[in-house]
Amino acid sequence: MSKYEPLWKYLKKNNKDNYKLSYEEIKNILGFDIDHSFLTYKKEVKEYGYEVYKISMKEKVIIFNKV
């Protein structure tokens, strides 16, 4: 189980076609700030039916799309 699993489960549980989550919203879901390790773990989200569509450092958001 990765440290990002609560986020993956959140996406699957709410079952939207796409999400645009701010870094702050993700912090509230996980209980910690995302870091560079997210880039390694982001591939795990496919197991939950989603993909990371875009990471915007400028807007501080991550967009997830249902696969």
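Above this note sits the structure.
Parameters and conventions
All residue numbers refer to position in the chain's written sequence, counted from 1. It should be noted that, the model being predicted, local features are given only for residues of pLDDT at least 70 and side-chain atom pairs only at 80 or more, the latter also being counted only at that level, while totals for whole chains, interfaces and linings use all residues. Side-chain metrics rest on all non-hydrogen atoms present in the structure, leaving aside hydrogens and water. Two rings belonging to Phe, Tyr or Trp (six-membered ring only in the last case) form a pair when the distance between their centres is within 6.5 Å. Interplanar angles under 30 degrees mark stacking, angles over 60 mark edge-to-face geometry, and anything in between is tilted. Three exposure classes are used, based on accessible area relative to the maximum for each residue type with a 1.4 Å probe and protein chains only: buried under 20%, partly exposed in between, and exposed over 50%. Only DSSP runs of H or I with at least four residues qualify as helices, and only runs of E with at least two residues qualify as strands; both kinds are numbered from the N terminus onward. Note: two strands are recorded as paired if DSSP finds a minimum of 2 bridges between them.

**Examining the packing of aromatic side chains**
Then, number 1: Summed over the entire model, instances satisfying the criterion amount to eight aromatic pairs.
Then, number 2: Following the ring pairs from residue to residue traces out a cluster consisting of Y4, W8, F32, F38, Y41 and F64.

**Points about the pairing of strand 3 (residues 61-66)**
Along any regular strand the residues' side chains alternate between the sheet's two faces.
Then, number 1: Taking burial as the measure, the six residues of strand 3 include five buried ones, the bulk of the element.
Then, number 2: With five bridges joining them, strand 1 (residues 18-22) and strand 3 adopt antiparallel strand pairing. Each bridged residue has a counterpart across the sheet, and for K20 the counterpart in strand 3 is I63.
Then, number 3: Here six bridges tie strand 2 (residues 50-56) to strand 3, and the two strands are oriented antiparallel to one another. Pairing of Y50 across the sheet is with K66, part of strand 3.
Then, number 4: Between strand 2 and strand 3, which pair antiparallel and follow one another directly, the connecting turn spans four residues, one of which, K60, has a positive phi of 60°.

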